[in-house]
Amino acid sequence: MGLFQWIKDKFNEWSDAPGMEGEFEAEEIREDSTPVRRSSINIRNKDQRTRYIENCCTQLWEASDEIDRATMEYRLVTEYLTDMEAIENLPSDVKLSIEKVANRILKLDQESHLSSTRLGKISAEMYGIMSLYEDRVPEDYKKIKENEDYKELVRKDLQKLESEKAVTAYRIRELKLVKKNMRSLVGITIGFGLLLFILLTIMQFGFGMNAVPGLIITGCGAGIAFVVAFLKYTRARIELKRLEHYLNTIISSQNTVKIRFVNTTNVLEYEYRKYRINVSDELNYYWDAYLEEKRARALIERANSELGEERGALLKLLKNVQIKDPAVWLNQCAALIDPKEMVEIRHDLIARRQALRKRIEYSSENRDMAKDEINGIVKDYPEYAQEVLDIVSMYDRHGVEKALRKKA
């Protein structure tokens, strides 16, 4: 019981996400994937058991890491929504002061932007997005590019595994047919040989004919046919057993790859929505255009100190009303004036938060499945409890990279 509790405590270290308990509502959308189950392996086989437990530990770690990343992003989006609500609930006199400053900023900004219309490589909306995530765009671009490459690699792996599964399943059907045919051949051989034996016996004793050579030939032929059929049946049975085990291995690998494919797809979909793009190359283009636009604007703003002064005034006003991230609103002045703009931003933030909930819930399900599978092995097969403890210790979250290098 103490060993089982130790493993549960170790899982809790991997799976805890502070501040998120009870915060996420159930989503109707669920990704359709088949989890790895013990029924697909021979738990008594040490190699299969070790690989299976290691696979569960890796799945548990990856899911926990994904939950941490999504949780951090979720909190940032939530803070943005909280600031938005605080601004909308400000006293009318304070709100009016903010709107006046924001309106002056918009007018000055528009005038400056008109001077640089010759650039025109990026829209005002995309400029605002790039400005909002300026510190994160290079890192996010690299992450999106890596995830796109990884998704393509995983997709090819899935296609390869699917092809191998189809070929193996077809060969299994062939071997089952061979076994069936060999059983039929044995029956036909026995029946036909018995019939010839009876006929030759009647000819020998009933009609006085010399049927001994026929009896010998019949016996030898039946024996040879029986031996050939038996050998083919035995080979088919051995190969069938091997292929069925191989098919289970393919299915287990396919399930693991599917989970990684879905996780990568979810991350990409969120980043695409966040930057209003469809592929990483678009983000690279917008980023280059943004940097060029920013340099042009910097030249204009140096000649227009009034714009900087007004932004400083807006920043001061927002700080005075306890806005957590007032700098964000310097690029969202239209929302401070136009309620429709504020509603659109809110809808986008809510959609992003729902996407994050979906990622967290999906990863939580995978984490819990892997946890339940390992706990189930400890409970159902206590003789392997120490072995499970050793593997889980190796896959401690802080040492997982070392463990993976050790495997390699």
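Above this text sits the structure in question.
(A) Summary view of helix H8 (residues 305-320). Under the 1.5 Å per step criterion, the end-to-end length of H8 is 23 Å for 16 residues, consistent within 8% with the ideal 22 Å. All buried positions along H8 are accounted for by Leu 307, Glu 310, Arg 311, Leu 314 and Leu 318. Along the axis of H8, the buried residues cluster in a sector spanning 100°; they form a single face. Of the exposed residues in H8, the ones pointing more than 90 degrees away from its buried face are Ser 305, Glu 309, Lys 316, Lys 319 and Asn 320. Phi for Gln 322, located one or two positions after H8, is positive at around 65°.

(B) Seen up close, the nonpolar core. Judged by nonpolar contacts, the single largest core of 30 residues is most densely connected at Ile 87, Leu 314, Leu 318, Trp 329, Leu 336, Met 342 and Leu 349. Those elements that provide at least two residues to this core are helix H2 (46-88), helix H3 (92-114), H8, helix H9 (333-337) and helix H10 (339-380). If we skip the residues at most four places from it in the chain, Trp 329 touches Tyr 80, Asp 83, Met 84, Ile 87, Leu 314, Leu 318, Ile 323, Ala 335, Leu 336 and Met 342.

(C) Examining the side chain of Asn 263 more closely. Looking at the secondary structure, you find Asn 263 in helix H6 (residues 212-275). Looking at Asn 263, the relative accessible area reads 16%, which means it is buried. If near-sequence neighbours (up to four positions away) are discounted, Asn 263 is found in contact with Tyr 362, Ser 363 and Asn 366.

(D) Seen up close, the packing of H10 against helix H11 (residues 385-394). Across the interface, H10 lies against H11 with an axial gap of 8 Å and an inter-helix angle of 150°. For the element pair H10 / H11, the angle class is roughly antiparallel. Every residue of H11 that contacts H10 at Ile 374, Ile 377 and Val 378 is listed here: Ala 385, Val 388 and Val 392. When its residues are assigned to classes, the contact of H10 with H11 shows six nonpolar, no polar and no charged.

(E) Focus on the pattern of salt bridges. Throughout the structure, instances matching the rule amount to 20 salt bridges. With a shortest N-O distance of 2.7 Å, Arg 69 and Glu 66 are connected by a salt bridge. Of the two residues, Arg 69 and Glu 66 both sit in helix H2, three residues apart, roughly one turn of that helix. A relative accessible area of 42% places Arg 69 in the partly exposed class. Residue classification places Glu 66 among the buried residues on the basis of a relative accessible area of 5%. The partner of Asp 140 in a salt bridge is Lys 274, with the nearest N and O atoms 3.4 Å apart. Taken as a pair, Asp 140 in helix H5 (residues 137-205) and Lys 274 in helix H6 lie far apart in primary sequence, 134 residues in all. For the pair Asp 140 and Lys 274, one class covers both residues: buried. One continuous salt-bridge network, built from bridges that share partners, spans Glu 73, Arg 136, Asp 140, Lys 143, Glu 271, Lys 274 and Arg 352.

(F) Layout of the environment of Thr 82. Position of Thr 82 among the secondary structure elements: in helix H2. A residue is classified by how much of its surface remains accessible, and Thr 82, at 37% relative accessible area, is partly exposed.

(G) Region of interest: unusual backbone geometry. A positive phi is found at Arg 276, a non-glycine position, where the angle reads about 55°. Here Arg 276 is to be found in the loop between H6 and helix H7 (280-302). The class for Arg 276 is partly exposed, based on a relative accessible area of 37%. A positive phi is found at Gln 322, a non-glycine position, where the angle reads about 65°. Note that Gln 322 resides in the loop between H8 and H9.

(H) Representation of the packing of H2 against H10 in the model. It is the contact of H2 with H10, at a shortest axis distance of 8 Å, that shows an interaxial angle of 155°. What the angle tells us is that H2 and H10 run roughly antiparallel. The way H2 lies across H10 gives a crossing that is left-handed. When its residues are assigned to classes, the contact of H2 with H10 shows 23 nonpolar, seven polar and eleven charged.

Cut-offs used in this document
Residues numbered from 1 in each chain as written. Predicted model: local features only at pLDDT ≥ 70, side-chain atom pairs only at ≥ 80, totals over all residues. Heavy atoms only, no water. Helix = DSSP H or I, 4+ residues; strand = E, 2+ residues; numbered from the N terminus. Expected span 1.5 Å × (residues − 1). Buried < 20%, exposed > 50% of the residue type's maximum accessible area, 1.4 Å probe, protein only. Arc of directions from axis to C-beta. Core = buried A, V, L, I, M, F, W, Y, C linked by side-chain atoms within 4.5 Å. Contact = heavy atoms within 4.5 Å. Axes fitted to C-alpha atoms, helices over the stretch in contact; angles between N-to-C directions. Parallel < 35°, antiparallel > 145°, perpendicular 65-115°, else oblique. Nonpolar A, V, L, I, M, F, W, Y, C, P; charged D, E, K, R; others polar. Salt bridge = Lys/Arg side-chain N within 4 Å of Asp/Glu carboxyl O. Left-handed = near helix turned anticlockwise from the far one by under 90°.

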